[in-house]
Amino acid sequence: MNATILTTERLWLRVMAPCDNEAVRGYFRRAWTFGEEWLPIPPADFFTLQGQRRRLAAEAEARHEGRSLRLFLVRRDDPLERICGDILIDCIERTIRRTALIECRMEERSSRKGYMREALTAVIGYAGAELGLRRLEALIAPQHLAACRLAERCGFKPLAEVTCWRQIGLGWMEHWVYALEW
């Protein structure tokens, strides 16, 4: 039982329920192999139906509580309506700063076609107008040039000399912090 939250010219951006676990698992299998060098090692049950059902239930609870929102991208021209990407707005802080972290992922068959830029532009507008946020931050490995370019095209600016470390694979990788304020 998915629900469309946003619509763009070429995409539906939807939330998914625990009963959508099979579609979400299939998407993550496709997407994980494409961006594996930029992603942490997933938990042991990540690619199982039960694991995805639990994650989707936890995401529904976090969404209901206003702590996070994951939107799955579905191409409107895909007759099977397969998920091709996702955008997560996480760690939503609604007090003084009104900020959140944002991360994006896309599967290979839909990459380099402008879909993520289209979706991210819509999500940025939604974050300000509907979620009441004033700032989004993205953590991006400087070696991930496509992600750096996407962030900058969408208005994010790298914060000078602000970095953080994230566990990617079996090691740790430095990430730049990009921010967008409005």
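Conventions used here
Residues numbered from 1 in each chain as written. Predicted model: local features only at pLDDT ≥ 70, side-chain atom pairs only at ≥ 80, totals over all residues. Heavy atoms only, no water. Helix = DSSP H or I, 4+ residues; strand = E, 2+ residues; numbered from the N terminus. Expected span 1.5 Å × (residues − 1). Buried < 20%, exposed > 50% of the residue type's maximum accessible area, 1.4 Å probe, protein only. Contact = heavy atoms within 4.5 Å. Polar contact = N/O pair within 3.5 Å; in protein donor to acceptor, adjacent residues only side chain to side chain. Axes fitted to C-alpha atoms, helices over the stretch in contact; angles between N-to-C directions. Parallel < 35°, antiparallel > 145°, perpendicular 65-115°, else oblique. Nonpolar A, V, L, I, M, F, W, Y, C, P; charged D, E, K, R; others polar. 1 Å grid on protein atoms, 1.4 Å probe; cavity = no way out; pocket = protein on both sides within 12 Å on 5 of 7 lines; lining within 4 Å. Points joined across faces, edges and corners; volume = space filled by probe spheres on them. Salt bridge = Lys/Arg side-chain N within 4 Å of Asp/Glu carboxyl O. Pairing = 2+ DSSP bridges.

Peer 1: I'm lost on helix H1 (residues 21-34) in this one. Help?
Peer 2: Counting along an α-helix, one turn takes 3.6 residues, and residues three or four places apart therefore face a common direction. Between its terminal C-alpha atoms H1 stretches 20 Å, which fits the 20 Å expected from 14 residues at 1.5 Å a residue. Burial in H1 covers these residues: Asn21, Val24, Arg25, Gly26, Tyr27, Phe28, Ala31 and Trp32. Those residues of H1 hidden inside the fold are in contact with helix H2 (49-64), strand S3 (69-75), strand S4 (83-93) and strand S5 (99-106).

Peer 1: Help me understand the side chain of Arg70 in this model?
Peer 2: Among the secondary structure elements, Arg70 is positioned in strand S3. The class of Arg70 is buried, set by a relative accessible area of 13%. Separated by 2.7 Å, the side chains of Arg70 and Glu59 make a polar contact. A polar contact is formed between the side chain of Arg70 and the side chain of Asp86, at a distance of 2.5 Å.

Peer 1: Explanation requested: the packing of H1 against H2 in the structure shown.
Peer 2: Describing two packed helices takes the angle between their axes plus the distance from one axis to the other. Here H1 crosses H2 at 105°, and the two axes come no closer than 9 Å. With respect to each other, H1 and H2 are oriented roughly perpendicular. Across the interface between the two elements, Asn21, Glu22, Val24, Arg25 and Phe28 of H1 pack against Leu49, Gln52, Arg53 and Leu56 of H2. Taken together, the residues that form the contact of H1 with H2 break down as 4 nonpolar, 2 polar and 3 charged.

Peer 1: I'm lost on the layout of surface pockets in this one. Help?
Peer 2: Rolling a probe over the atoms, with the probe sized like a water molecule, indicates the empty space that remains. Size it by volume and the largest pocket reaches roughly 1400 Å³. Contributing to the lining of the largest pocket are 50 residues, with Cys104, Arg105, Met106, His144 and Ala147 lying nearest its centre. Those elements that provide at least two residues to the lining of the largest pocket are H1, H2, S4, S5, helix H3 (115-129), strand S6 (135-140), helix H4 (145-153) and strand S7 (157-168).

Peer 1: Could you clarify how one ought to interpret the pattern of salt bridges in this entry?
Peer 2: When the charged atoms of two side chains lie near each other, side chains of opposite charge can form a pair. With the rule as written, the count across this model stands at 18 salt bridges. As a salt-bridge pair, Arg135 and Glu137 come within 2.8 Å of each other at their nearest N and O atoms. Counted as one network, the salt bridges with shared partners bring together Glu59, Arg70, Asp86, Glu103, Arg105 and Arg166.

Peer 1: Got a minute to help me understand the pairing of S4 in this structure?
Peer 2: For a regular strand, the rule is simple: side chains alternate between the two faces of the sheet. Across the 11 residues of S4, 8 count as buried, placing the element largely inside the fold. Two elements, S3 and S4, share 6 bridges in a ladder whose sense is antiparallel. Bridging from a neighbouring strand, Leu71 pairs with Ile87 of S4. The hairpin formed by S4 and S5 contains 5 residues between the paired strands, and Arg98 there has a positive phi angle of roughly 50°.

Peer 1: Whenever I open this one, unusual backbone geometry confuses me. Can you help?
Peer 2: Excluding glycine, a negative phi dihedral is what most residues carry, and trans is how most peptide bonds are arranged. The phi angle at Arg98 is positive, at roughly 50°, despite the residue not being glycine. Mapped onto the secondary structure, Arg98 falls in the loop between S4 and S5. Of note, Arg112 is a non-glycine position whose phi angle comes to about 60°, a positive value. Mapped onto the elements of the fold, Arg112 is located in the loop between S5 and H3.

Peer 1: I would appreciate a short explanation of the sheet that holds S5 in the present structure.
Peer 2: What holds strands together in a sheet is hydrogen bonding between their backbones, with the strands either parallel or antiparallel. Taken together, the 8 strands give an open sheet; going across it, the order is S1-S2-S3-S4-S5-S6-S8-S7, and neighbouring strands pair in mixed fashion. Each edge of the open sheet carries a strand with a single partner, namely strand S1 (3-7) and S7. Across the sheet, the mean angle separating the axes of adjacent strands is 30° when strand polarity is ignored. Here S1 runs beside strand S2 (residues 11-15); their pairing, made up of 4 bridges, is antiparallel.

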